[in-house]
Amino acid sequence: MDVPTFGARMEEVLEKPWKRQTVSAMENGDRAMTANDLVAIAHVLEKTPAMLLVPPLEADDIQVGSLKLEPRALMSGSMEGEFAGLLLQLMDEVRDAYAAVGIAQRQLENSVRLPLEDMDKRITETLSKI
């Protein structure tokens, strides 16, 4: 999604301006995000907030400012090692499943919306002739 589209969708959701500079500052880590921002971003990207907070399995490290962590560092105790890897893989699969659901939902909405729009058009045309 391009920056202007993302910013416009964020403005719709949050009902406040989200300019190109805001998006750029957020991407570069120069802007703190609120919980509202996180929920809005997840909505705009058709993800869940949790999906945005879980690193992908292929991530070598996670960097926030000067803090750099390996994905396994987010796990502790009995979840270390292979269990952490398995958990990260399952999280990726859940993330992919949510994405597939979003795609299927849009396709279903389109398959219903188009016939309804056609029926509306035909009714309008018929009524305009009366």
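Above this text sits the structure in question.
Reading the values: rules and limits
- Residues numbered from 1 in each chain as written.
- Predicted model: local features only at pLDDT ≥ 70, side-chain atom pairs only at ≥ 80, totals over all residues.
- Heavy atoms only, no water.
- Helix = DSSP H or I, 4+ residues; strand = E, 2+ residues; numbered from the N terminus.
- Buried < 20%, exposed > 50% of the residue type's maximum accessible area, 1.4 Å probe, protein only.
- Contact = heavy atoms within 4.5 Å.
- Areas by Shrake-Rupley, 256 points an atom, 1.4 Å probe, with all protein chains shown as cover.
- Axes fitted to C-alpha atoms, helices over the stretch in contact; angles between N-to-C directions.
- Parallel < 35°, antiparallel > 145°, perpendicular 65-115°, else oblique.
- Nonpolar A, V, L, I, M, F, W, Y, C, P; charged D, E, K, R; others polar.
- Core = buried A, V, L, I, M, F, W, Y, C linked by side-chain atoms within 4.5 Å.
- Salt bridge = Lys/Arg side-chain N within 4 Å of Asp/Glu carboxyl O.
- Expected span 1.5 Å × (residues − 1).
- Arc of directions from axis to C-beta.

(A) Expanded view of the overall build of the protein chain. The helix and strand tally for the protein chain stands at five helices and two strands. Mapped in sequence order, the helices and strands of the protein chain form the string α-α-α-α-β-β-α. Counting all 130 residues of the protein chain, 18% fall into the buried class. A separation threshold of at least 6 residues defines the contact pool for the protein chain, and within that pool the share at least 24 residues apart is 35%. Working note: accessible area of the protein chain is about 9700 Å², and carbon and sulfur atoms make up 57% of it.

(B) A look at the packing of helix H1 (residues 3-14) against helix H2 (residues 20-27). Viewed as axis vectors pointing N to C, H1 and H2 meet at an angle of 100°, and their least axial separation amounts to 9 Å. One element, H1, and the other, H2, form an angle in the roughly perpendicular class. Between H1 and H2, the residues in contact are Val-3, Pro-4, Phe-6 and Gly-7 and Arg-20, Val-23 and Met-26, respectively. The residue inventory of the contact of H1 with H2, partitioned by class, reads five nonpolar, one polar and one charged.

(C) A look at the nonpolar core. One finds Phe-6, Met-10, Trp-18, Val-23, Met-26, Ala-40, Ile-41 and Val-44 forming the largest nonpolar core, which totals eight residues. Only H1, H2 and helix H3 (35-44) provide two or more residues apiece to this core. Counting residues per element, this core draws most heavily on H3, at three residues. Among residues more than four places away in sequence, those in contact with Ile-41 are Phe-6, Met-10, Trp-18, Met-26, Met-33 and Leu-52.

(D) The pattern of salt bridges, seen in detail. Under the definition given, this model contains four salt bridges. Close ionic contact of Glu-46 with Arg-106 constitutes a salt bridge, the shortest N to O distance being 1.8 Å. Of this pair, Glu-46 sits in the loop between H3 and helix H4 (49-53) while Arg-106 sits in helix H5 (residues 82-129), and the two are 60 residues apart along the sequence. In this structure, Asp-118 and Arg-122 form a salt bridge, with 3.4 Å as the shortest nitrogen-oxygen distance. Remark: Arg-122 and Asp-118 occur in helix H5; sequence separation between them is four residues, near one turn of the helix. Here Asp-118 falls in the partly exposed class, since its relative accessible area comes to 39%.

(E) Summary view of H1. Over its twelve residues, H1 extends 16 Å from the first C-alpha to the last, a length consistent with the 16 Å expected when each residue adds 1.5 Å. Every buried residue belonging to H1 is among Phe-6, Gly-7 and Met-10, and all of these are buried. One face of H1 carries all of its buried residues, which in axial projection span an arc of 95°. Where H1 is buried, its residues touch H2 and H3.

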